[in-house]
Amino acid sequence: MNDIVQPIHFEHHSTNFNRLKGRLEHMVGKAIGDFNMIEEGDTVMVCLSGGKDSYTLLDILLTLRKRAPIDFKVVAMNLDQKQPGFPADVLPNYLKSIGVDFHIETQDTYSIVKEKIPEGKTTCSLCSRLRRGIIYKVAGELGANKIALGHHRDDMVETLFLNMFFGGKLKAMPPKLVTDKGDHVVIRPLAYCAEKDIARYARGMEFPIIPCNLCGSQENLQRQNIKEMLHQWESQYPGRTQTIFTAMQNVKPSHLLDGSLFDFKGIRVGDAVAEGDIAFDLGE
């Protein structure tokens with residue numbers, strides 16, 4: 001969604017805007033460093049959808065590249081899926097105006113999805129699989145070894161709860177992964193960035209946002225419910241989303257139940273546990 005928070009007006013390049021810009025650049029730079037996302041000589045293909053997240057990702061990567069101690073290339077890629085009403089001129093015009101290398105890939109996945117998915121059913125799953133395959137193919141054609149996606153902190157937290165509530169797994173979105181065939185590394189440089197900050201930045205930059213509802217499909221209802229739950233928590237207890245995100249970086253396998261991560265069967269009297277004896281610590 002591109003209207004996550006109510007508009008907060010501030011002038012482009014005002015003190016507040018520059019503070020926000022600096023915070024986002026710091027968070028992206030920290031994520032890149034913490035997970036070694038970009039290295040010398042990389043070609044990073046930024047997947048640009050026309051939404052606030054991917055615009056912000058591209059803008060900040062281009063800024064950081066100018067002062068990075070390493071040399072890497074950035075190329076923007078948009079997949080035109082031939083959705084009715086898609087403004088095909090918006091992204092090319094914007095990308096030309098900022099002088100970045102780009103590629104527009106045109107593939108009519110819209111017709112395939114409409115043919116395969118019954119009317120009224122959510123099309124996101126099939127659409128996502130088709131899009132992923134095309135993205136990997138185009139990355140190979142462009143010589144890009146890194147694929148940058150615009151998922152942010154809130155996306156990762158939402159995915160954690162989706163997997164817990166509906167999949168029975170403690171699993172979220174990784175900040176960095178290797179594709180199934182091993183040809184590319186997918187990175188999420190916005191991993192530490194809050195969605196509300198990205199939304200404010202996109203408004204301040206006046207990016208030419210393309211609505212995300214062009215396909216006519218309803219947003220994944222389960223994800224929307226999780227998003228609303230987290231927003232309620234955040235309004236009642238400010239900072240809760242960040243606390244959950246911090247917990248994802250502070251995992252204690254010996255205090256969960258996965259025997260593949262910790263040898264519970266092998267525990268004997270006298271053994272030391274890495275996380276310490278906190279069995280009765282209710283504050284933990």
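Our structure is the block above this text.
The model shown is predicted, which means the values in this text are computed figures rather than measured ones.

Criteria and thresholds
- Residues numbered from 1 in each chain as written.
- Predicted model: local features only at pLDDT ≥ 70, side-chain atom pairs only at ≥ 80, totals over all residues.
- Heavy atoms only, no water.
- Helix = DSSP H or I, 4+ residues; strand = E, 2+ residues; numbered from the N terminus.
- Buried < 20%, exposed > 50% of the residue type's maximum accessible area, 1.4 Å probe, protein only.
- Contact = heavy atoms within 4.5 Å.
- Areas by Shrake-Rupley, 256 points an atom, 1.4 Å probe, with all protein chains shown as cover.
- Polar contact = N/O pair within 3.5 Å; in protein donor to acceptor, adjacent residues only side chain to side chain.
- Arc of directions from axis to C-beta.
- Pairing = 2+ DSSP bridges.
- Right-handed = clockwise from strand over helix to strand, strands pointing away.
- Axes fitted to C-alpha atoms, helices over the stretch in contact; angles between N-to-C directions.
- Phe/Tyr/Trp six-rings, centres within 6.5 Å; stacked < 30°, edge-to-face > 60°.
- Lys NZ or Arg CZ within 6 Å of the ring centre and 35° of its normal.

Remarks on the overall build of the chain
Along the backbone of the chain there are 9 helices and 6 strands. Burial analysis of the chain (284 residues in total) assigns 39% to the buried set. A sequence separation of at least 24 residues applies to 75% of the contacts in the chain between residues at least 6 apart. A total of about 16,300 Å² of accessible surface is found on the chain, and carbon and sulfur atoms cover 53% of it.

Considerations on the side chain of Ser54
Structurally, the position occupied by Ser54 is in helix α2 (residues 52-67). For Ser54, a relative accessible area of 4% corresponds to the buried category. Separated by 3.1 Å, the side chain of Ser54 and the backbone nitrogen of Ser49 make a polar contact. Once residues within four sequence positions are removed from consideration, Ser54 is found in contact with Val46, Cys47, Leu48 and Ser49.

Looking at helix α3 (residues 90-98)
Here α3 has its buried residues at Leu91, Pro92, Tyr94 and Leu95. An end-on view of α3 places all buried positions within 165° of arc, on one side of the element. Structural note: α3 exposes Lys96 and Ser97 on the side pointing more than 90 degrees away from its buried face. On its buried face, α3 sits against α2, β2 (73-80) and β3 (101-106).

Some points on the pairing of β3
Across 6 bridges, β2 lies against β3 in parallel orientation. Paired with Val75 across the bridge in β3 is Asp101. Remark: the β2/α3/β3 crossover connection has right-handed handedness.

A short note on the sheet that holds strand β1 (residues 43-47)
Read from one edge to the other, the open sheet built from 6 strands follows the order β3-β2-β1-β4-β6-β5, with strand pairing classed as mixed. In this open sheet, the two strands that pair with only one neighbour each are β3 and β5 (176-178). Here the strands of the sheet are splayed against their neighbours by 25° on average, with no regard to which way each runs. With 5 bridges connecting them, β1 and β2 associate as parallel partners. Bridge pairing in β2 links Cys47 to Met77. Where α2 meets the sheet, it contacts β1, β2 and β4 (146-148), and its direction lies at approximately 155° from that of β1. The strands that α3 touches are β2 and β3; relative to β3, the one it contacts most, it runs at about 170°.

Remarks on the packing of aromatic side chains
Inspection of the entire model under this criterion finds 10 aromatic pairs. Pairing Tyr55 with Phe207 gives two aromatic rings, centres 5.1 Å apart and planes at 10°, and the pair type is stacked. On the criterion of sequence distance, the pair formed by Tyr55 in helix α2 and Phe207 in the loop between α7 (195-205) and α8 (221-236) is long-range, its members being 152 residues apart. In terms of burial, Tyr55 and Phe207 fall into one category: buried. Aromatic pair Phe161 and Phe165: ring centres 5.5 Å apart, planes at 65°, arrangement edge-to-face. Of this pair, Phe161 and Phe165 both sit in helix α6 (residues 153-167), 4 residues apart, which is roughly one turn of that helix. You can call Phe165 partly exposed: its relative accessible area is 46%. In this structure, Arg240 is placed above the aromatic ring of Trp233, and the distance from its NZ or CZ to the ring centre is 5.3 Å.

Treat this as a map of the structure, not an account of what it does.
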